[in-house]
Amino acid sequence: MFGFKYIKADPSTHLMLFKEGKIKLEGVGVNFFYYAPSSSLVAIPSNSKELPFVFRLQTSDFQELTVQGQVTYRIEQPHEAAKMLNFTIDTKGKYTSEDPKKMDERVQRAVQVLLRNHIESKSLKDSLVCARELTIDLKKDLYGAEAITSLGIEITDVALTSIKPSPETGKALEAEIRESLLKEADNAIYARRLSSIEQEKSVKESELETEKAIQRKEQDLEESRLEAQRLRKIQQFKINQENITAQIEDEKQLEELVSINSANEKSRGDAQAYKIKVQMQAYQNIDTDKLRVMSMSGMAPEQLIAQAIENLTQGDNKIGNLNISPDLLTALTNT
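Given the structure is predicted, the values throughout are model-derived calculations rather than measurements. Along each chain, residue indices are assigned from 1 in the same order as the chain's sequence is written. For this predicted model, a pLDDT threshold of at least 70 governs which residues receive local features, and a threshold of 80 or more governs which side-chain atom pairs are given and counted, while totals over whole chains, interfaces and linings are taken from all residues. Excluded from the side-chain calculation are hydrogens and water; included are all heavy atoms of the structure.

**Student:** Would you mind showing me how to read the sheet that holds strand 9 (residues 153-165) here?
**Tutor:** Pairing between sheet strands relies on hydrogen bonds along the backbone, with the strands arranged either parallel or antiparallel. By the convention used here, strands pair only if DSSP detects at least 2 bridges between them. Numbering of helices and strands starts at the N terminus; helices are DSSP runs of H or I of at least 4 residues and strands are runs of E of at least 2. If you walk across this open sheet you meet the 3 strands as 6-7-9, and the pairing is antiparallel. Edge positions in the sheet fall to strand 6 (49-58) and strand 9, since each of these pairs with one other strand and no more. On average, each strand axis in the sheet is inclined to that of its neighbour by 20°, with strand direction left out of account. Bridge count between strand 6 and strand 7 (residues 64-75): 10 bridges; the pairing is antiparallel. Residue pairing for strand 7: leucine 57 is matched across the bridge by leucine 65. Contacts from helix 2 (residues 99-119) reach strand 6, strand 7 and strand 9 within the one sheet, and its direction differs from that of strand 6 by about 40°. Contacting strand 7 and strand 9, helix 4 (residues 131-144) runs over the sheet at an angle of about 150° to strand 9. Note on method: axes are straight lines fitted to C-alpha atoms, helices fitted across the in-contact stretch only, with angles between N-to-C directions ranging 0 to 180 degrees. Only heavy atoms matter for contacts: two residues are in contact if any of them lie within 4.5 Å across the pair.

**Student:** Help me out: how do you make sense of the side chain of serine 127 in this one?
**Tutor:** Note that serine 127 resides in helix 3 (residues 124-128). Relative accessibility under 20% of the residue-type maximum defines a buried residue, over 50% an exposed one, and the middle range a partly exposed one, all with a 1.4 Å probe and only protein chains included. The buried category is assigned to serine 127, whose relative accessible area is 0%. Those residues in contact with serine 127, other than ones at most four positions away along the chain, are Thr59, Leu65, Ile119, Lys122 and Ile163.

**Student:** Would you take a moment to explain the sheet that holds strand 8 (residues 88-89) for this structure?
**Tutor:** Across the sheet, 4 strands lie side by side as 3-2-5-8; this open sheet has antiparallel pairing. Because the sheet does not close on itself, it has two edges, and the strands there are strand 3 (22-28) and strand 8. As paired strands, strand 2 (residues 13-19) and strand 5 (residues 40-45) are joined by 6 bridges and run antiparallel to one another. Note on strand 5: the bridge partner recorded for phenylalanine 18 is serine 40.

**Student:** It is not clear to me how the packing of aromatic side chains should be interpreted in this structure. Could you clarify?
**Tutor:** Note on aromatic pairs: each is described by the distance of the centres and the angle between the planes. Whether two aromatic rings pair depends on their centres lying within 6.5 Å, for rings of Phe, Tyr and Trp, where Trp uses its six-membered ring; planes under 30 degrees apart make the pair stacked, over 60 edge-to-face, and the rest tilted. With the rule as written, the count across this model stands at 5 aromatic pairs. Aromatic pair phenylalanine 4 and tyrosine 35: ring centres 5.1 Å apart, planes at 55°, arrangement tilted. On the criterion of sequence distance, the pair formed by phenylalanine 4 in strand 1 (residues 4-8) and tyrosine 35 in strand 4 (residues 31-35) is long-range, its members being 31 residues apart. According to the relative accessible area criterion, tyrosine 35 is partly exposed, its value standing at 31%. Between phenylalanine 87 and tyrosine 95, the ring centres sit 6.1 Å apart and the planes meet at 70°, which makes this aromatic pair edge-to-face. Residue classification places tyrosine 95 among the partly exposed residues on the basis of a relative accessible area of 35%.

Rendered as structure tokens:
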């Protein structure tokens with residue numbers, strides 16, 4: 001009514017009211033009445049926006065690849081954005097120009113330029129495996145890029161989802177990598193076989209060394225056993241020699257003893273024979289009857305009686321029968 005209008009901005013929109021080229025009112029999510037014929041409204045979105053991108057770039061070895069990813073940004077400085085682009089809206093809240101749509105194009109162009117500079121300095125193989133490194137470098141470069149800062153934009157995140165070569169190049173790389181993998185597999189098999197041979201050789205050598213050590217040990221044991229037997233034989237020989245020497249000494253002493261005993265026996269025999277000879281010579285001169293009488297001296301009565309009875313059975317005094325009464329026997333024994 002009469003040119004006055006009411007506007008209400010949402011919490012994600014920075015709204016500015018311009019009059020005579022100056023900002024009269026601004027803020028995020030503000031609402032107010034304004035006089036439309038003499039006022040201009042600028043609405044700058046302050047929320048973050050995700051912008052996907054797909055670029056076909058060329059590497060330093062003139063190979064084409066596709067880089068796909070996403071960049072997230074937000075307008076941090078609305079005044080700078082308002083200076084560079086036209087964010088004016090009409091009374092219905094619609095933008096009066098196409099500049100707000102160019103914001104995405106400028107961000108994509110800045111990302112593309114930075115990616116091209118990085119990819120062109122790398123070979124195809126290096127580019128295919130540099131996603132992490134490229135993401136870090138891209139974030140750092142975007143934060144300081146003049147095309148971004150001049151628009152008052154803040155880059156909140158950068159993500160590279162894929163880096164792919166062309167289909168023909170991909171097949172060639174797959175074939176090359178496949179051959180490389182097969183070669184590596186062959187090398188691994190060869191290395192494994194070689195390692196197995198080396199291990200088997202090591203085991204054989206270890207077994208041979210063990211057998212040699214066992215043989216040396218057995219030889220040492222055999223030599224020790226033979227040496228022990230030799231020492232025992234030497235010792236036994238010495239013992240036998242000592243025994244023989246002792247037996248010889250014993251035999252010599254026994255021989256000397258026998259000789260002495262023989263000499264002594266001979267001397268005793270000679271003495272006894274001489275004694276008997278002397279006695280026999282003495283007995284030859286003595287009368288037999290006297291000798292008998294002499295021999296009877298000192299005999300016991302019973303011996304004398306026995307001798308008398310014996311005399312009755314010999315010589316001229318021999319008798320045929322002799323009766324001895326008990327009285328006579330008692331008298332003879334008591335005599």
